[in-house]
Amino acid sequence: MTVFHLDDFLAGWIGGMWCESKKILCALLQTRLQAGKGYRNTLHCVVTIYKKENVTGFFKGLSFPLASITLYNSMVFGFFSNTQRLISRYRYGDGRHPCSMLDLTVASMLTGLVSVGVGAPVDLVKIRLQMQTQPVLAENFNLAGNGSVPLRSMGIQSQSLYRGPLHCISTVLQNEGIQGLYRGAGAMIIRDVPGYTLYFIPYTLFCNWLNPDGNAAPHPCCIWLAGGLAGSISWVTATPTDVVKSRLQADAMQHRKYKGILHCIVQSYKTEGIHVFFRGATVNAIRGFPMCATMFLGYELSLQFFRSF
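All of these numbers come straight from a predicted model, not from anything done at the bench. (Residues numbered from 1 in each chain as written. Predicted model: local features only at pLDDT ≥ 70, side-chain atom pairs only at ≥ 80, totals over all residues. Heavy atoms only, no water.)

## Topic: the overall build of the chain
For step 1, the next point in the chain: Counting secondary structure elements, the chain contains 13 helices and 0 strands.
For step 2, the next point in the chain: Ordered by position from the N terminus, the helices and strands of the chain form the series α-α-α-α-α-α-α-α-α-α-α-α-α.
For step 3, the next point in the chain: Within the chain, the proportion of its 309 residues that are buried is 52%.
For step 4, the next point in the chain: Considering only contacts in the chain between residues 6 or more positions apart, those separated by 24 or more positions represent 78%.
For step 5, the next point in the chain: Carbon and sulfur atoms provide 66% of the accessible area of the chain, an area that totals close to 14600 Å². (Helix = DSSP H or I, 4+ residues; strand = E, 2+ residues; numbered from the N terminus. Buried < 20%, exposed > 50% of the residue type's maximum accessible area, 1.4 Å probe, protein only. Contact = heavy atoms within 4.5 Å. Areas by Shrake-Rupley, 256 points an atom, 1.4 Å probe, with all protein chains shown as cover.)

Printed below as a string of structure tokens:
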């Protein structure tokens, strides 16, 4: 019997489509609160975006992640499930043997590590597109041919630096090289390795608690609740490292503010205090529940459908 299952990847792809439709607004607010300037709280951020940029401001930079999130979630859930089976096969001689908590932890951490390969460029493009009209990025770009004249001093701070996702990728590669697409990847690893552990482990525990009869498939309500709680836990605890990642990725090549992860942490703390590392925690908690509840529900129901044949 083969260990590798394609249905996990397909179910993750479908779950990703369900999930992405729930997080468009929250993703933008999180980035603006963490890497932007002048926002007092979530409500003030919403009002400011609407006043200055109209409704279209809430959808900046989302075309690329909308197109890529299905691939990303397919990889994450497919890799996690197949890694579990691989571990069970080599530890117990049967890929269907239930994993121990240690097995789940190893599979979760490996998933978080591998996810950065796809997730880092996607996040960077999303953040650059969302932040290109903000001072934090505008001050980093100088007029072509005159490195001493910043955009802000010419009164064109709101001018778009990137025409779209593909132009953003091309510009980053030209100016910063392949490593530019993976700027902030180190912070993302620090976020996602423990983050996915606090994503899959709580989900498994909640499912077992809500569904004591392990022989029966969990009820959709149990899946939805367990997925939502796991998502909130994972996203809230990952907020400090997510702030650092967002700031590093929003940092452009010219007149760069941060030299690396540690420098970003120190500078952020010196200028804005400890509370800066919890910016966007409310948004993460709000978006984490429905987003992950929908993700897990879509994944599990799709998996049940595929395996019913």
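Moving on from the model shown.
## A look at the packing of aromatic side chains
For step 1, the next point in the chain: Considering all chains together, one arrives at 12 aromatic pairs under this definition.
For step 2, the next point in the chain: Judged by centre distance (4.7 Å) and plane angle (40°), the rings of phenylalanine 77 and tyrosine 299 are tilted. Here phenylalanine 77 is found in helix H4 (residues 63–92), whereas its partner tyrosine 299 is found in helix H13 (residues 281–306), with 222 residues between them in sequence.
For step 3, the next point in the chain: Judged by relative accessible area, tyrosine 299 falls into the buried class, the value being 6%.
For step 4, the next point in the chain: A centroid spacing of 5.0 Å and a plane angle of 75° characterise the contact between tryptophan 224 and phenylalanine 289, whose relative ring orientation is edge-to-face. One end of the pair, tryptophan 224, is in helix H10 (residues 220–237); the other, phenylalanine 289, is in helix H13, and 65 residues separate them in sequence.
For step 5, the next point in the chain: Of the aromatic side chains, those joined through ring pairs into one cluster are Phe77, Phe80, Tyr196, Tyr199, Phe200, Tyr203, Phe296 and Tyr299.
For step 6, the next point in the chain: Sitting over the face of the ring of tryptophan 235, arginine 287 holds its NZ or CZ atom 3.9 Å from the ring centroid. (Phe/Tyr/Trp six-rings, centres within 6.5 Å; stacked < 30°, edge-to-face > 60°. Lys NZ or Arg CZ within 6 Å of the ring centre and 35° of its normal.)

## Notes on the layout of surface pockets
For step 1, the next point in the chain: In this model, the largest pocket occupies a volume close to 1100 Å³.
For step 2, the next point in the chain: Together, 31 residues line the largest pocket, and Gln84, Pro218, Glu300, Leu303 and Arg307 are the ones closest to its centre.
For step 3, the next point in the chain: When contributions to the lining of the largest pocket are tallied by element, the ones reaching two or more residues are H4, helix H9 (185–210) and H13.
For step 4, the next point in the chain: Of the residues forming the lining of the largest pocket, the biggest block, 6 residues, is contributed by H4. (1 Å grid on protein atoms, 1.4 Å probe; cavity = no way out; pocket = protein on both sides within 12 Å on 5 of 7 lines; lining within 4 Å. Points joined across faces, edges and corners; volume = space filled by probe spheres on them.)

## Digging into the packing of helix H5 (residues 101–131) against helix H11 (residues 239–250)
For step 1, the next point in the chain: One can describe the packing of H5 onto H11 by two numbers: an axis separation of 9 Å at closest approach and a directional angle of 70°. Looking at the two axes, H5 sits roughly perpendicular to H11. Relative to H11, H5 is oriented so that their crossing is right-handed. Contacts from Ala120, Asp123, Leu124, Ile127, Arg128 and Met131 of H5 reach H11 at Lys245, Ser246, Gln249 and Ala250.
For step 2, the next point in the chain: Looking at the contact of H5 with H11, its residues break down into 5 nonpolar, 2 polar and 3 charged. (Axes fitted to C-alpha atoms, helices over the stretch in contact; angles between N-to-C directions. Parallel < 35°, antiparallel > 145°, perpendicular 65-115°, else oblique. Left-handed = near helix turned anticlockwise from the far one by under 90°. Nonpolar A, V, L, I, M, F, W, Y, C, P; charged D, E, K, R; others polar.)

## Thoughts on the environment of alanine 226
For step 1, the next point in the chain: Mapping alanine 226 onto the fold places it in helix H10.
For step 2, the next point in the chain: Discounting chain neighbours no more than four positions away, the residues touching alanine 226 are Tyr203, Phe206, Cys207 and Leu210.

## Examining the nonpolar core
For step 1, the next point in the chain: One finds Val76, Phe77, Tyr199, Phe200, Tyr203 and Phe296 to be the most contacted residues of the largest nonpolar core, which totals 28 residues.
For step 2, the next point in the chain: Contact partners of tyrosine 203, with chain neighbours within four places excluded, come to Ile223, Ala226, Gly227, Ala230, Phe296 and Glu300. (Core = buried A, V, L, I, M, F, W, Y, C linked by side-chain atoms within 4.5 Å.)

## As for the side chain of aspartate 103
For step 1, the next point in the chain: Along the chain, the position of aspartate 103 falls in helix H5.
For step 2, the next point in the chain: On the basis of relative accessible area, aspartate 103 is assigned to the buried category, the value being 2%.
For step 3, the next point in the chain: The residues contacting aspartate 103, other than those within four sequence positions of it, are Ile87, Arg91 and Tyr92.

## Topic: the environment of histidine 263
For step 1, the next point in the chain: With respect to the helices, strands and loops of the structure, histidine 263 is situated in helix H12 (residues 261–272).
For step 2, the next point in the chain: On the basis of relative accessibility, which here comes to 24%, the residue histidine 263 falls in the partly exposed class.
For step 3, the next point in the chain: Considered as a pair, histidine 263 and valine 244 are 19 residues apart in the sequence and their alpha carbons are 9.9 Å apart.
For step 4, the next point in the chain: Ignoring any residue separated from it by four or fewer positions in sequence, one finds histidine 263 in contact with Lys257 and Tyr258.

## Regarding the packing of H9 against H13
For step 1, the next point in the chain: Here H9 crosses H13 at 65°, and the two axes come no closer than 13 Å. Where H9 crosses over H13, the two elements pack in a sense that is right-handed. On the side of H9, the interface is formed by Tyr199, Phe200 and Tyr203, while H13 contributes Cys292, Met295, Phe296 and Glu300.
For step 2, the next point in the chain: Residue composition of the contact of H9 with H13, grouped by class: 6 nonpolar, no polar and 1 charged.

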